[in-house]
There are 2 protein chains.
Amino acid sequence: MTALADLKQRLECVTDLGGAQAVLGWDQETYMPSGGVEARSHQLATLARLGHELFTDPEVGDLLARAAEETVDLDADSDDARLLSVVRRDYDRATRLPADLVAALTRVSAQAQHAWKDARQRSQFNLFAPHLEEILLLVREKADAFGYDDGGCRYDALLDEYEPDMKTAEVATIFTDLRKELVPIVHAIGGRPSPNAAILRQTFNEQAQWDFGLSVIGDFGYDFTRGRQDRSAHPFSTSFSVNDCRITTRVQPDYLPSCLFGTLHEAGHAMYEQGVDPALERTVLASGTSLGIHESQSRLWENLVGRSRGFWQHYFAPLQSAFPQQLATVELETFYRAINRVEPSLIRVEADEVTYNLHIMLRFELERALLDGELAVEDLPAEWNERSEAYLGLRPGSDAEGALQDIHWSFGAIGYFPTYALGNLISTQLWQAAKADLGDLDEQIAQGSFGELRGWLRDKIHRHGRKLTATELLQRATGEGLRADSWLAYVRSKFGEIYDL
Amino acid sequence: MTALADLKQRLECVTDLGGAQAVLGWDQETYMPSGGVEARSHQLATLARLGHELFTDPEVGDLLARAAEETVDLDADSDDARLLSVVRRDYDRATRLPADLVAALTRVSAQAQHAWKDARQRSQFNLFAPHLEEILLLVREKADAFGYDDGGCRYDALLDEYEPDMKTAEVATIFTDLRKELVPIVHAIGGRPSPNAAILRQTFNEQAQWDFGLSVIGDFGYDFTRGRQDRSAHPFSTSFSVNDCRITTRVQPDYLPSCLFGTLHEAGHAMYEQGVDPALERTVLASGTSLGIHESQSRLWENLVGRSRGFWQHYFAPLQSAFPQQLATVELETFYRAINRVEPSLIRVEADEVTYNLHIMLRFELERALLDGELAVEDLPAEWNERSEAYLGLRPGSDAEGALQDIHWSFGAIGYFPTYALGNLISTQLWQAAKADLGDLDEQIAQGSFGELRGWLRDKIHRHGRKLTATELLQRATGEGLRADSWLAYVRSKFGEIYDL
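Since this is a predicted model, take the numbers as computed values, not measurements.

Asks: Just to check I follow, could you spell out the sheet that holds strand β3 (residues 244-249) of chain B for this structure?
Replies: Paired through backbone hydrogen bonds, the strands of a sheet run either parallel or antiparallel to each other. Residues and elements named next belong to chain B. If you trace the three strands from one edge of the open sheet to the other, you get β1-β3-β2, paired in mixed fashion. This sheet does not close on itself; its edge strands, each paired only once, are β1 (229-231) and β2 (237-241). Taking the axes of each pair of neighbouring strands and ignoring which way they run, one obtains an average angle of 30 degrees across the sheet. Two elements, β2 and β3, share four bridges in a ladder whose sense is antiparallel. Paired with Thr 238 across the bridge in β3 is Arg 246. Its contacts with the sheet place helix α1 (residues 3-30) against β1, β2 and β3, and it is angled at close to 145 degrees to β2.

Asks: Where do I start with the interface of chain A and chain B in this structure?
Replies: Accessible area lost when the parts come together is the quantity often used to give the size of an interface. With 37 residues of chain A in contact, the opposing surface of chain B contributes 37 residues. For the pairing of chain A and chain B, the buried interface totals around 2600 Å² over both sides, and the portion due to carbon and sulfur atoms is 62%. Of all residues in chain A, the largest losses of buried area upon contact with chain B belong to Tyr 31, Pro 33 and Gln 43 of chain A, amounting jointly to 19% of the total for that side. The interface formed by chain A and chain B holds four salt bridges in total. Where chain A touches chain B, the interface holds 14 residue pairs in polar contact (both at pLDDT 80 or more).

Asks: Before we go on, may I ask you to explain the pattern of salt bridges in this structure?
Replies: Between side chains of opposite charge, pairing is possible as soon as their charged atoms come close. Applying the stated criterion to the full structure yields 94 salt bridges over all chains. As a salt-bridge pair, Glu 206 of chain B and Arg 231 of chain B come within 3.0 Å of each other at their nearest N and O atoms. Within this pair, whereas Glu 206 of chain B is found in helix α9 (residues 206-220), its partner Arg 231 of chain B is found in strand β1, the two being separated by 25 residues in sequence. Residues joined by salt bridges that share partners form a network here, namely Arg 89, Arg 93, Lys 142, Asp 160 and Glu 161 of chain A.

Asks: What should I look at first to understand the side chain of Gln 297 of chain B in this one?
Replies: Residue and element names in this part refer to chain B. Looking at the secondary structure, you find Gln 297 in helix α11 (residues 291-305). Exposure remark for Gln 297: the relative accessible area of 0% places this residue in the buried category. Every residue in contact with Gln 297, bar those within four places of it in the chain, is listed here: Gly 268, Tyr 272, Leu 430, Leu 457, Ile 461 and His 462.

Asks: Would you mind showing me how to read helix α10 (residues 256-274) of chain B here?
Replies: The α-helix winds at 3.6 residues per turn, so residues separated by three or four positions along the chain end up facing the same way. With 19 residues, α10 of chain B ought to run about 27 Å at 1.5 Å a step, and its terminal C-alpha atoms sit 27 Å apart, in line with that. Along α10 of chain B, 19 of the 19 residues are buried, which leaves the element largely enclosed by surrounding structure.

Asks: Looking at this model, I keep getting lost on helix α15 (residues 356-372) of chain B. Mind explaining?
Replies: Residues and elements named next belong to chain B. Helix length check: α15, at 17 residues, gives a terminal C-alpha distance of 25 Å against a target of 24 Å (1.5 Å per residue), a fit within 8%. Within α15, 15 of the 17 residues are buried, leaving the element largely enclosed by the surrounding structure. Count one or two residues on from α15 and you reach Gly 373, which has phi positive near 80 degrees.

Asks: Looking at this model, I keep getting lost on the sheet that holds strand β1 (residues 229-231) of chain A. Mind explaining?
Replies: Residue and element names in this part refer to chain A. Spatial strand order, β1-β3-β2: three strands in an open sheet with mixed pairing. Two strands in the sheet have a free side with no partner beyond their single neighbour: β1 and β2 (237-241). Ignoring strand direction, the axes of neighbouring strands in this sheet form an average angle of 30 degrees. Across the face of the sheet, helix α1 (residues 3-30) comes into contact with β1, β2 and β3 (244-249) while running at roughly 145 degrees to β2.

Asks: What's the story with the pairing of β3 of chain B in this structure? I'm lost.
Replies: Two faces belong to every sheet, and in a regular strand the side chains alternate between them. Residues and elements named next belong to chain B. Where burial is concerned, most of β3 is hidden: six out of the six residues are buried. In β3, alternate side chains face the same way, and those of Asp 244, Arg 246 and Thr 248 on one face and Cys 245, Ile 247 and Thr 249 on the other are all buried. Pairing of β1 with β3 involves three bridges; the strand directions are parallel. Bridging from a neighbouring strand, Gln 229 pairs with Ile 247 of β3. Between the antiparallel neighbours β2 and β3 lie two residues.

Asks: Help me out: how do you make sense of the packing of α15 of chain B against helix α16 (residues 380-392) of chain B in this one?
Replies: The description of two helices packed together rests on the angle between their axes and the distance between the axes. Residues and elements named next belong to chain B. At their nearest, the axes of α15 and α16 sit 10 Å apart, and the two run at 150 degrees to each other. It follows that α15 is roughly antiparallel to α16 by the angle criterion. Every pair of crossing elements has a handedness; the one defined by α15 and α16 is right-handed. Packed against α15, whose contacting residues are Leu 358, His 359, Leu 362, Arg 363, Glu 365, Leu 366 and Leu 370, the element α16 presents Leu 380, Glu 383, Trp 384, Arg 387, Ser 388, Tyr 391 and Leu 392 at the interface.

Cut-offs used in this document
Residues numbered from 1 in each chain as written. Chains lettered and ligands numbered in written order. Predicted model: local features only at pLDDT ≥ 70, side-chain atom pairs only at ≥ 80, totals over all residues. Heavy atoms only, no water. Pairing = 2+ DSSP bridges. Helix = DSSP H or I, 4+ residues; strand = E, 2+ residues; numbered from the N terminus. Axes fitted to C-alpha atoms, helices over the stretch in contact; angles between N-to-C directions. Contact = heavy atoms within 4.5 Å. Buried area = accessible area lost by both parts, 1.4 Å probe. Salt bridge = Lys/Arg side-chain N within 4 Å of Asp/Glu carboxyl O. Polar contact = N/O pair within 3.5 Å; in protein donor to acceptor, adjacent residues only side chain to side chain. Buried < 20%, exposed > 50% of the residue type's maximum accessible area, 1.4 Å probe, protein only. Expected span 1.5 Å × (residues − 1). Parallel < 35°, antiparallel > 145°, perpendicular 65-115°, else oblique. Left-handed = near helix turned anticlockwise from the far one by under 90°.

Shown next as structure tokens:
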């Protein structure tokens, strides 16, 4: 057996363990009875530990080196060459973390999550503060263990986990430009009359909401023979293989957008995973390449398709049929404006398309300052509130509405937030390129026809899995790097029209 | 760390892998989309292989020997002493099987199951015969690898997997006695007018069937905070820990007993697992001790409770309320007789309480003859049909109704069938003992009060997990060994009254 073949076989086993973990995680959030919590955490920890041990075995390092020699003449874009380069990257990262640090991070973040829940419930940041201090100490250690390029910064090492190869400086530049343009837009919108969104807050039959969402994502091309939708407290997507990519959503009987747009969003994530080249199945390449690219897919289907006027030219009549009592007398335009209402709010997960990125920038700036020690943990709530007022024009009335609102920092996920905004930017860059390639994309959507768009995304993004980085995908699909102007142009055009700016 | 503590820690990991496998198996039968099949089989195989490797590691053998020395003074009934003896048993069995044989069994039985499905569908035994030949060769090898006592037989080694310490000779003696008594009873019943069961074959709303079953097992004491019920093609129970024991059932809109008695049966299994002493959690002792004891629990709740007159004195009114159109004018006695109708049939899984054991005896005799080479595979269908006529008075019209009806042999499960009948016998032995201890058990049930019965079963059976063998449990709970007269007396009394014998 060649070293490459031997390596692949070992990695299949690691992939299987990852798939099993995902199944257990899915069950935990969907069907598991409350009594199952403790055993499940043991099972997940054991699977994670075994997977880590198998992957970081020095023999894997040897095989990796020998396989690289065997394949030195391979085309750099071939599956095998790409596989080896991604495995090398993963292996280096996995082996750089000392076992003690991994254990400490697991222990401290379990306690911190618990403390965060309690602190948020009571809206007392001081209950969470000592845990965040500990998290920051360990995350700094982790960043230093991973390392970063000369001229780079510690945050690079963390960002790299979620958005491989993306640099902090690049994100910071783009965000700074974006904020300069965006704050005045939000301000201008705030000065205009707001659409009435009361029609979205009637009582909508839960099963009818569920069925409508499913019918739309079926039209999108989400493959129900290789996936399914279930309920959970927080919507998510997960995949156990290229052929089993599931989504969850929640249904609010008194607020129509929650289930519908949650469904479209998660289906966007899952179609990405379903679209990975089957030849990559059971390898580390068989999943999305970065959180930013992933979010670009969910946002594209949720917003660029699902909140577009063309989409509703096709789907508003079926929606009215599903909810005649609530919507029969509502005008399409009234509905379109209601689902696109812009209103600065304190809570990120409730933010509209325009203000969402401002929430992200605030977090990006604050977590960098925390990491670098420029901002003391005790000063975080005040600083949060300051920036919230500056960017969104709103000051949190409590810590729960401010620095305690998101769970991410409590489990040590620093470097994660920016990927949400990158996803938004990438989604419009891809959209422009798809439009250029496909011509009448808007008309296709207005006819409920998504096959060409899905095919384009599969060809440019999905099928590559982790073979190409976000930067490579974007460059090949659009001919350019990451930039904010495409998204800004989209926002100006769409919301300029709605708000008559 | 002591050797015992080290051993326990290693075994926790094996237990976690087993729990994870069970979750993946449950998902496979309940929610997994069809596309997920291939990846799931890889994931399950990887978990099984890793669990086997971890468990059969020679270091486990060393620790086991050292732990035995450390604990030589322990009370033989203590958790630790029992743990070591069960682990020793499992370890010896697991290490006696050569890896090549395990691999061959896995490969051959996968092919055989596939062939069996096809053969059954076409009702052509000859399509399955060569696979069964192969299975028998390997199963003989397996039995010889496990070994058996002097004076015992090869079948002992197989039976031991499902019913530890039970001997073939003992089962054969009991079955022979049982058959002699049972065949005349079945014959006598056949000579009497049969109750009309048409009322069970109306259209019953599926959700109402489901809800009624859940309400009954809630009354039984099945703990929904540590379990749940889902749908599957074939009902089963499974457990991921003492605190997550799930059941599944199926619902036939045109046949009431299917969902109802399936639910009670599986809840009986699951309450056994839920009742294991929490101190045994995450050890090999935290599950049912044998298939026979397991089946005694499911049969007890399904038949001795759920098909009793007293039970329906309490539950028939609620059932009528759930299905007024179908049952409002039906007499309790008519219903009671309908659900207890005895009718010899060709298919085991459709058999009534009285004839069921005859199906088992037939299989027990045939699989022993096959194993010993006394019966050639090619002669199996004819021999099956002969015995079917002799025991049940019915001759299969096709192989699908005869030797091809059960899946068990196709995956190498020889030695499994007798445990179904043992469960029936044990259920009435336990019932008699519970009645003697609890006094007015029938009246409690007629009042829908199951707490004392459940408490008795938990105390005598459930809490011990695998600490005690079936024989020990039975001896301690009833003061006697396995015997058939208790079950025969129950059948004579109950069905003698119904059929006026």
